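Structural overview for review
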Amino acid sequence: MSTVLSPPFLFRFSVPLRYREKIWSDKSLAFGEEYRLQSFGHLEGRRQYADIRAAWNERGIAFSVDVTGKRQAAWCRESRAVESDGLQIWIDTRATNNVHRATKFCHRYVFLPTGGGHSLREPAADQLLINRARENAKPIRPGELRIRSLMKADGYFLECCVPATALTGYDPSEYDRIGFYYAVMDRELGWQNFSVGTQFPFDEDPSTWGVCELVRD
């Protein structure tokens, strides 16, 4: 039986984003179960193949993505990032979920486990413009985003960090909520979305995003 409305569309989702003193280093930092981010795409019956975890501190926000269940190699091209397998993240440092066009506090980033460098085997990260934005966030500097990945037989493990310098208006001492959305794209496994699916314009409409509460305990 088909549904008239998408179940996730009926709710405004808010999840905790937990504080961690160290969110990035030269070596991998394992995020425990308490840092797992919920995904509400299962309300539409969508497959949940990626384990997403995240943490914040005053210096930025870090994520890890563990994708499993693949039989094909990830398809990634830094020059075609939007079409590639990987993670996209949307962050609004003011959590203004009642607007339909992005402001300068809204950001969109893409992280690819491979497809970068001359060999196309290095991980890649970039900032993307948000369509129809009233004002774009400030451009990031080359290399400002942090990323590393490990390719596996059935998927990949990706770690990335968005530093505070790349987040216009990021001030956890004054704003303890951020607008948030993520999408894991995979040509083989499909999309895993934070909430609403591809039938909604989440790539450009902040009102379709959820909220992350910046908690310290």
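Below: a short report on this structure. It should be emphasised that the depicted structure is a prediction, and the values quoted were computed from it without experimental measurement.

1. Remarks on the packing of aromatic side chains
Both the distance between ring centres and the angle between the ring planes are used here to describe each pair of aromatic rings. Scanning the model with the defined rule gives 11 aromatic pairs in all. Judged by centre distance (6.2 Å) and plane angle (50 degrees), the ring pair of Phe180 and Tyr182 falls under tilted. Measuring from ring centre to ring centre gives 6.1 Å for Trp191 and Phe202, while their planes differ by 65 degrees; the resulting arrangement is edge-to-face. You can see Trp191 sitting in strand S10 (residues 190–193) and its partner Phe202 sitting in the loop between S10 and strand S11 (210–215), a full 11 residues away along the chain. Classification of Phe202 by relative accessible area gives buried; the value is 5%. Each member of the aromatic cluster is reached from another via a ring pair, and the members are Phe63, Trp90, Phe180, Tyr181, Tyr182, Trp191, Phe194 and Phe202. The ring of Trp24 has Arg148 lying over it, and the distance from NZ or CZ to the ring centre is 4.0 Å. Arg216 extends its terminal NZ or CZ atom over the ring of Tyr19, reaching a point 4.6 Å from the ring centre.

2. A closer look at the pairing of S11
Bridge count between strand S1 (residues 14–18) and S11: five bridges; the pairing is parallel. Along S11, the bridge assignment pairs Arg18 with Val215. Across four bridges, the pairing between strand S9 (residues 177–186) and S11 is antiparallel. Across the sheet, the residue bridging to Gly179 is Val211, located in S11.

3. Quick notes on the sheet that holds strand S3 (residues 60–67)
The pairing of strands in a sheet comes from backbone hydrogen bonds and takes either a parallel or an antiparallel form. Read from one edge to the other, the open sheet built from four strands follows the order S2-S3-S8-S7, with strand pairing classed as antiparallel. Edge positions in the sheet fall to strand S2 (50–57) and strand S7 (146–152), since each has one partner strand and no second. Strand after strand, the sheet turns through a mean of 10 degrees between neighbouring axes, direction not considered. Across seven bridges, the pairing between S7 and strand S8 (residues 155–163) is antiparallel. Note on S8: the bridge partner recorded for Leu150 is Phe157.

4. What to know about the pattern of salt bridges
Using the criterion set out here, one finds 13 salt bridges in the structure. The salt bridge partner of Arg53 is Asp51, with a shortest N-O separation of 2.9 Å. Taking the shortest distance from any N to any O, the salt bridge between Arg148 and Glu159 comes out at 2.7 Å. Of this pair, Arg148 sits in strand S7 while Glu159 sits in strand S8, placing them 11 residues apart in sequence. You'll find Arg148 and Glu159 in the same group, each marked buried. One salt-bridge network, held together by shared partners, links Glu33, Arg36, Asp51 and Arg53.

About the cut-offs
- Residues numbered from 1 in each chain as written.
- Predicted model: local features only at pLDDT ≥ 70, side-chain atom pairs only at ≥ 80, totals over all residues.
- Heavy atoms only, no water.
- Phe/Tyr/Trp six-rings, centres within 6.5 Å; stacked < 30°, edge-to-face > 60°.
- Helix = DSSP H or I, 4+ residues; strand = E, 2+ residues; numbered from the N terminus.
- Buried < 20%, exposed > 50% of the residue type's maximum accessible area, 1.4 Å probe, protein only.
- Lys NZ or Arg CZ within 6 Å of the ring centre and 35° of its normal.
- Pairing = 2+ DSSP bridges.
- Axes fitted to C-alpha atoms, helices over the stretch in contact; angles between N-to-C directions.
- Salt bridge = Lys/Arg side-chain N within 4 Å of Asp/Glu carboxyl O.

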